[in-house]
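As a plain string of letters, each chain reads:
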Amino acid sequence: GQNIDQPTEMTATEGAIVQINCTYQTSGFNGLFWYQQHAGEAPTFLSYNVLDGLEEKGRFSSFLSRSKGYSYLLLKELQMKDSASYLCAVRSYSGGYQKVTFGTGTKLQVIP
Amino acid sequence: NAGVMQNPRHLVRRRGQEARLRCSPMKGHSHVYWYRQLPEEGLKFMVYLQKENIIDESGMPKERFSAEFPKEGPSILRIQQVVRGDSAAYFCASSPNAGTSSHEQYFGPGTRLTVT
């Protein structure tokens, strides 16, 4: 089976940097995704990592260590609109097909 | 290129009625996924379908729930004899054909089901 852990909630200040961690246990690992979900809306894709290292995309960066089963999402220069839930999702290959499993999400509140 | 479409966006049903949720994937996508999300909770996988095939239904409740993705037309998630506990947001996502590339899942706007 798969197990994905993220903090439930985080609070950070506008203009600051915040790191949201995700640990996972899975067999057949084949990629990790981060999604952003504003309250009442659909999740939207932020990043994808399949190799170890850091992927940077504007104010958002995502890091992966496959050996440690660990990823983080780094948000820089926080804005109020970044208040949302951030979902870590792990793709694995099992039983002949790809499967994506979502964590429960980290609710980030950005305060002035 | 239209995104993933779901309808209705809001659905109210009385206990015991049937709910039918529709999902049209993005053009060119043949993989469809259904998720359920309770308020303040994460996405729970329900079922993964390709055209005319159910690939993984390990997240579907054994009774009252069914899903299909016919050769023509949208994917349908059907809930029979709804109960209050079925009230949730149901999201559909689609992805392109196969592969191990960075093909993420594209999500529809969701259907919010309320059972009264």
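For the structure itself, look to the data block above.
Residues numbered from 1 in each chain as written. Chains lettered and ligands numbered in written order. Predicted model: local features only at pLDDT ≥ 70, side-chain atom pairs only at ≥ 80, totals over all residues. Heavy atoms only, no water.

(A) Inspection of the interface of chain B and chain A at higher detail. Counting residues at the interface gives 23 residues for chain B and 20 residues for chain A. Carbon and sulfur atoms make up 53% of the area that chain B and chain A hide from each other, which totals about 1600 Å². Remark: the boundary between chain B and chain A carries 1 salt bridge. For Lys99(A), the salt bridge identified is with Asp56(B), shortest N-O distance 3.3 Å. (Contact = heavy atoms within 4.5 Å. Buried area = accessible area lost by both parts, 1.4 Å probe. Salt bridge = Lys/Arg side-chain N within 4 Å of Asp/Glu carboxyl O.)

(B) Region of interest: the pattern of salt bridges. In the structure shown here, the tally under the stated rule is 7 salt bridges over all chains. Two residues, Asp82(A) and Arg59(A), come together in a salt bridge whose shortest N-O distance is 2.8 Å. You can see Asp82(A) sitting in the loop between β8 (70–75) and β9 (84–94) and its partner Arg59(A) sitting in the loop between β6 (53–57) and β7 (60–65), a full 23 residues away along the chain. Asp82(A) sits in the buried class, given a relative accessible area of 2%. Linking Arg64(B) and Asp86(B) is a salt bridge whose minimum nitrogen-to-oxygen distance equals 2.7 Å. With Arg64(B) in the loop between β6 (53–56) and β7 (65–68) and Asp86(B) in the loop between β8 (75–79) and β9 (88–96), this residue pair connects regions lying 22 residues apart in the sequence. (Helix = DSSP H or I, 4+ residues; strand = E, 2+ residues; numbered from the N terminus. Buried < 20%, exposed > 50% of the residue type's maximum accessible area, 1.4 Å probe, protein only.)

(C) How the structure looks around the sheet that holds strand β3 (residues 18–25) of chain A. All names here are of chain A. Taken in spatial order, the 5 strands make up an open sheet running β1-β3-β8-β7-β6, and their pairing is antiparallel. With partners counted over all chains shown, the strands left at the sheet margins are β1 (3–5) and β6, one partner each. Direction aside, the axes of adjacent strands within the sheet are offset by 15 degrees on average. Alignment of β3 against β8, held across 6 bridges, turns out to be antiparallel. (Pairing = 2+ DSSP bridges. Axes fitted to C-alpha atoms, helices over the stretch in contact; angles between N-to-C directions.)

(D) Looking closely at the state of the cysteines. All names here are of chain A. Going through the model one piece at a time under the given rule, you end up with 2 disulfides over all chains. A disulfide bridge connects Cys22 with Cys88, and the sulfur atoms are separated by 2.0 Å. On the S-S bond that ties Cys22 to Cys88, the torsion sits near -65 degrees, and the link is left-handed. Of this pair, Cys22 sits in strand β3 while Cys88 sits in strand β9; the two residues are 66 residues apart in sequence, bridging distant segments of the chain. (Disulfide = S-S within 2.5 Å.)

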